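# A closer look at the structure
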Protein chains: 2
Amino acid sequence: MRDRRYGQFCGLARAAEVLGQRWTLLILRDLLVGPRRFSDLEAGLPGIPTSVLATRLKELERDGLIERSLRTGSDRSVVYQVTERGQELRPALEALSRWGAATMTTPHEGEVITQASLVSALRAAARDHANRPSARAVYQIEAADAVAHATVDEHDITVEPGPHPKPDLTIVAGPRYRDLLAGTIAPADAVATGAAELHGNSARLDDFTRTFQVPYSPTLTDPPAGVAASPGTNQGDRS
Amino acid sequence: MRDRRYGQFCGLARAAEVLGQRWTLLILRDLLVGPRRFSDLEAGLPGIPTSVLATRLKELERDGLIERSLRTGSDRSVVYQVTERGQELRPALEALSRWGAATMTTPHEGEVITQASLVSALRAAARDHANRPSARAVYQIEAADAVAHATVDEHDITVEPGPHPKPDLTIVAGPRYRDLLAGTIAPADAVATGAAELHGNSARLDDFTRTFQVPYSPTLTDPPAGVAASPGTNQGDRS
DNA sequence: CGGGATCCCCCGAGATACTG
DNA sequence: CAGTATCTCGGGGGATCCCG
C-alpha cells in the first residue's frame, strides 16, 4: 500500500490520490445509491476482481469515505455505506457524470446498464427546481434490465432503485433514449423513433424531459461503435 | 494502449475512463490555467516521468480534451491547450478541488505549491457573486514560491498566474493560511497568528475572505504530517 | 535546449482458485 | 457470503539517451 501521492499541496491532487485508483469512483457511485454488501458491489461492477474490491473498500474506509457495519436482525451480514465525508462527494461526482454523459451517444459493444448507474444518472440529470416544471409526478424508468423511479415535487427530486407501485408514467428506454434527455429528439417523436416506449399518462413525457436533462456536445466524435447495439444485461440489485 | 474500459453505459464510468489515469487530472488542471509547453508541464508536475506525460498528452488529444499547436513567431515551439470539450470539465474539477481542499489542514512532508495549483485553488474557492461583497478589488496572493492575482468586480472573478502591477492588497500566505479561507481563523487574527502577512490596504482582508472560501470538514483526521513544514519549492511558470 | 523515445524494475490490476 | 492467496502481465517510476 505504497504512497501513490502527487506531492502537491492542492485540493485536486488530494482528491485524485483518494479517488484516482481504478474502480474507486464506481464503487462510490454504487454506495451513494444506498448501503451495499460485498457481493452486491461485486455484482453491480461486472469485471472487478474480488481482490481489488477488497483492497478499495479497505482504502476507502481508511480514508474516511465509507464505513463497515454489521447488519442487525435476521441476516447478520457486513454492509458498506458512505460516511458524511463520502456524501460530500455527491456534487463532484454528479458534475463528472454530466460531463461524461456528453459522450454517451450510443453504448459501446458489450456495455451494460446497472441499477446504480441508472439511478445515479437520473440524479445527476435532475434540474434545479427553478428550471423545471413545478408539477408533482412519479416516473418509472426502465433501461435494459435496470429499473428506477423518480418522485418529483415542488421542492425535491428523489430517485431510487427499483419499480414504483403507482407511477404516473413509465418510460421504457430504447437504444437512443439518451438523445431524448439531451434534447436531440423531441418528446413527441420519441415514441415514433423507438427512443422510448410509454405506459400511463404519456402527456407527462414533456414534463419529464424538462425535469431531467443531460448535456450534449455536438463536436464529439465517438469512436466507431459498430452496431448501436443492445445494452447487454444487468447484474446486481435485488430490487 | 489497451482498453481500460469499465464496460458500463454510464457517464461517470466514461469520465473515469478518460480522467482516471494517473497524472491526468493534474495535467488538465495546469492546462486549464493556460496553454503550456511540454517542459512547462514537466516542471509544474514534479515527479512525472516524461514517458507518462507524453502518453497522457497523446491520450488527451485522442479523446478531444486538448490539442497541440505550433506557436507562431519568434519561438516556434509546441504548445498544448484545452479544447472546448476540455473547458467543459471546469465545473467538475472545481467541485473535486473543493472536496479535496477539505483535507488540506496542513501540507504533508515535501508537498509543494505550484503556480497552477494556486491559481486553480483560488478559482475553485471563488464564491458566487450573490454570496460575496460587491466591491471591486485586485488581490495578489503569494504562497511559497507561487504567485497569483485575482481581479474581482461585481460580475466576475478572474484569477491569473503571476504578480499584478498594482494590487489593492497583497497576501503572503503562511503555513496555516488555508484555515483563513476555511473560516477557522478570523481575518483579524490572521496576521497575529502568522497565517498571513499583508501589504497594502489591509482593511480589504475581510472582503477577501468573504470572496474566496474553501470547505472545512471538522471530522477529518489527517494522517500525521510530522512538522507542519515548509511547502518546499515551486517549479513551473515563467510568470 | 525543447520534445520527446527507450530501457529496466517493480507495483498493481486482472484472472482464477480457494478458504473461514 | 466475504473475502484471501497466487500467478501473470501491463503500466508507471525513474534514469538515460536521442533527434531536430
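Before any of the text, the structure's been laid out above.
The structure displayed is predicted, hence computed values, not measured ones.

What counts as what
- Sequence positions are assigned chain by chain, starting from 1 and proceeding in written order.
- Both sets of labels track the order of writing: A upward for chains, 1 upward for ligands.
- At least 70 in pLDDT is required for a residue's local features to be given in this predicted model, at least 80 for side-chain atom pairs to be given and counted, and no such filter applies to totals for whole chains, interfaces and linings, which use all residues.
- With hydrogens and water stripped out, all remaining heavy atoms of the structure feed into the side-chain values.
- In what follows, residue pairs with any heavy atoms lying within 4.5 Å of each other are defined as contacts.
- Buried area: the accessible area, evaluated with a 1.4 Å probe, that two parts lose upon being put together, summed over both parts.
- We define a salt bridge as a contact between a side-chain nitrogen of Lys or Arg and a carboxyl oxygen of Asp or Glu at a distance within 4 Å.
- The definition of a polar contact used here is a pair of N or O atoms within 3.5 Å, where within protein one atom must be able to donate a hydrogen and the other to accept one, and adjacent residues in sequence count solely through side-chain atom pairs.
- Segments assigned H or I by DSSP are reported as helices when at least four residues long, segments assigned E as strands when at least two residues long, and all are numbered from the N terminus.
- Basically, the charged four are Asp, Glu, Lys and Arg, the nonpolar ten are Ala, Val, Leu, Ile, Met, Phe, Trp, Tyr, Cys and Pro, and anything else, Gly included, counts as polar.
- When DSSP finds at least two bridges between two strands, those strands are taken to pair.
- Interaxial angles span 0 to 180 degrees and are taken between N-to-C directions of axes, which are lines fitted to C-alpha atoms, for helices over the stretch in contact.
- Here a residue is considered near a molecule or strand provided that any single heavy atom belonging to it is located within 4 Å of it.
- The least-squares superposition of copies is restricted to C-alpha atoms, and to residues with a pLDDT of at least 70 in both copies.

Now for the interface of chain B and chain A. In this complex, chain B contributes 52 residues to the contact, which on the side of chain A involves 51 residues. Both sides together, the interface formed by chain B and chain A hides about 5000 Å², and carbon and sulfur atoms give 62% of it. Counting the contacts that link chain B with chain A gives two salt bridges. Arg14 of chain A is the salt-bridge partner of Glu111 of chain B, the closest N and O atoms lying 2.8 Å from each other. Remark: the boundary between chain B and chain A carries 22 residue pairs in polar contact (both at pLDDT 80 or more). If you list the elements that add at least two residues to the side of chain B that touches chain A, you get α1 (11-19), α2 (24-33) and α6 (90-101) of chain B. By residue number, the principal contributor to the side of chain B that touches chain A is α6 of chain B, which donates nine residues. Of the residues in the side of chain B that touches chain A, the class split is 29 nonpolar, 14 polar and nine charged.

Right, let's talk about the sheet that holds strand β4 (residues 146-152) of chain A for a bit. Residue and element names in this part refer to chain A. An order of β5-β4-β3-β6-β7 is seen for the five strands of this open sheet, with the pairing classed as mixed. Each end of this open sheet is capped by a strand with a single partner; those strands are β5 (157-161) and β7 (196-200). The mean inter-strand angle of the sheet, taken between neighbouring strand axes irrespective of direction, is 20°. Where strand β6 (residues 169-173) lies against β7, five bridges are found, and the strand directions are antiparallel. From the neighbouring strand, Thr170 faces β7, where its bridge partner is His199.

A word on the protein's contact with DNA strand C. In the region of DNA strand C, 23 residues are neighbours, and Arg22, Trp23 and Arg56 of chain A together with Thr50 and Tyr80 of chain B sit closest. Residue Arg56 of chain A places a side-chain N or O atom 2.5 Å away from a phosphate oxygen belonging to DNA strand C. Tyr80 of chain B has a polar side-chain atom sitting 2.5 Å from a phosphate oxygen of DNA strand C. Of all the secondary structure elements, the ones that give two or more residues to the surface near DNA strand C are α4 (50-62) of chain A together with α3 (38-44), α4 (50-62) and β2 (78-82) of chain B. Residue classes in the surface near DNA strand C are distributed as seven nonpolar, eight polar and eight charged.

This brings us to the relation of the copies chain B and chain A. Aligned on chain A, chain B shows an RMSD of 0.0 Å; the corresponding rotation is 180° and the shift along the axis is 0.0 Å. Expressed as an axis order, the relation between the two copies is that of a two-fold axis. Of all interface residues in chain B, 98% are interface residues in chain A too; the two copies therefore contact each other through one and the same surface.

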